[in-house]
Amino acid sequence: MYLIETFFKLTALENDIAEQSRLLNVLIDQWRYNGQIIGREIPLYLAEENGQQGFAMRVICPEQDSLLPKNNNLEVNHALQNAEKCGLIFEGFQLIGDDLNSDQTASNSYPTWQILYTTHLQSCSPLHSGEDFAPIPLYKQLKNQLDLSQDVIKWQENWQACDQLQMNGAILEHQALKEITNHQSTLTKHGRYLAQEIEKISHIPTYYYLYRVGGKSLENEQHRHCPECGGNWALKEPIFEIFHFKCDQCRLISNISWNFL
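Keep in mind that this is a model prediction, so the values were computed, not measured.

Colleague: Sorry if this is basic, but what is going on with the environment of Lys-143 here?
Modeller: By the element assignment, Lys-143 lies in the loop between α3 (138-142) and α4 (146-168). Lys-143 has contacts with Asn-34, Lys-70, Asn-71, Asn-72, Asn-73 and Leu-138, leaving out every residue within four places of it along the chain. Of note is the side chain of Lys-143, whose polar atom sits 2.7 Å from the backbone oxygen of Lys-70.

What follows is the structure, given as structure tokens:
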């Protein structure tokens, strides 16, 4: 992924900095829901470029051209138009450099299969290629599915919050762990619904990652069955050294308990 600086030229005779900042933050949200930028903490600041006063922000994008108009959805275009009415003209962006702390985006946005997967450590799209496990920008498959794309980001935020709570082990650990490990939890049902919707739209088999920790023994883990259909879902060899179970019928994928790895 890439660190990119954007610039918005100020053209209004009288500038309402508070309102202009609000409109740019609306745009930030829409870019984020469309998968064009990654993360929630986006610095916004007054700047000058080629003698022009304006606003700038630094964002992380999955691709060098993520912010080009071809990747915009209707909500992004609407937010840009509202900003323009308030005297904010999107002049463009410049590439600052590769973000060495982030994952490299998938080169193939339409793999043979894919996974809805995230962790509290990840800052990337939760849609991962089943071919190389690289994240796929949401706008590649869901640009015209405004509600679904936003819903995927909200699910990711909830999953990461639960993961962080269970990793911290201080408060709400058991409740949070249940949400990411139980195939009938509210969070899992939401995620599996999203995976099904993504599959309908993309026509790509889309699996949901079911986190696994605990268990009695390694032997018990190796003989676990799919919690949904009860079928044999153990793989002969793990996928990406992470996934040891995969049920093609239920579109579930999981790991041997982290306690025994």
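Colleague: Where do I start with α4 in this structure?
Modeller: Turn by turn, an α-helix covers 3.6 residues, leaving residues three or four places apart pointing in a common direction. Under the 1.5 Å per step criterion, the end-to-end length of α4 is 33 Å for 23 residues, consistent within 8% with the ideal 33 Å. The inward-facing, buried residues of α4 abut α1 (17-33), β5 (114-116), α3, α5 (173-181), α6 (186-202) and β7 (206-210). Immediately beyond the C-terminal end of α4, within one or two residues, lies Gly-169, with a positive phi of roughly 65°.

Colleague: Looking at this structure, I do not really get the nonpolar core. What am I missing?
Modeller: Counting residues in each nonpolar core, the largest one holds 41 residues, and the members touching the most others are Ile-115, Leu-116, Val-152, Trp-159, Tyr-209 and Phe-243. Counting residues per element, the ones that place at least two in this core are β5, α3, α4, α5, α6, β7, β9 (243-247) and β10 (252-254). For this core, the element with the highest residue contribution is α4, accounting for six residues. Core analysis: the second largest hydrophobic core is formed by 19 residues, Leu-24, Leu-27, Ile-28 and Trp-31 among them.

Colleague: Quick question: what am I supposed to make of the sheet that holds strand β1 (residues 2-10) here?
Modeller: Hydrogen bonds along the backbone pair up the strands of a sheet, which may run parallel or antiparallel. With antiparallel pairing, the four strands of this open sheet are ordered in space as β2-β3-β1-β4. Looking at which strands have only one partner, the edges of the open sheet turn out to be β2 (44-49) and β4 (88-98). Along the sheet, successive strands turn relative to each other by an average axial angle of 35°, direction set aside. Where α1 meets the sheet, it contacts β1, β2, β3 (52-61) and β4, and its direction lies at approximately 25° from that of β3.

Conventions adopted
- Positions within a chain are numbered from 1, following the residues in the order the chain's sequence is written.
- Where totals are concerned, whole chains, interfaces and linings use all residues; where local detail is concerned, this predicted model gives features only for residues with pLDDT of at least 70, and gives and counts side-chain atom pairs only at 80 or more.
- With hydrogens and water stripped out, all remaining heavy atoms of the structure feed into the side-chain values.
- In this description a helix means any DSSP run of H or I spanning at least four residues, a strand means any run of E spanning at least two, and both kinds are numbered starting from the N terminus.
- The contact criterion used throughout is that any non-hydrogen atoms of two residues lie within 4.5 Å.
- Polar contacts here mean pairs of N or O atoms no more than 3.5 Å apart (in protein, one a potential hydrogen donor and the other a potential acceptor; neighbouring residues in sequence count only if both atoms are side-chain atoms).
- For a helix, the expected span equals 1.5 Å multiplied by the number of residues minus one.
- Each nonpolar core is a collection of buried residues, namely Ala, Val, Leu, Ile, Met, Phe, Trp, Tyr and Cys, held together in the definition by side-chain atoms within 4.5 Å.
- The cut-offs for exposure are 20% and 50% of the maximum accessible area for each residue type, with area from a 1.4 Å probe on protein chains only; residues under the lower value are buried, those over the upper are exposed, and the others partly exposed.
- Should DSSP find at least two bridges between two strands, the strands are regarded as paired.
- The convention used is that axes are lines fitted to C-alpha atoms, helices contributing only their stretch in contact, and that angles between N-to-C directions extend from 0 to 180 degrees.

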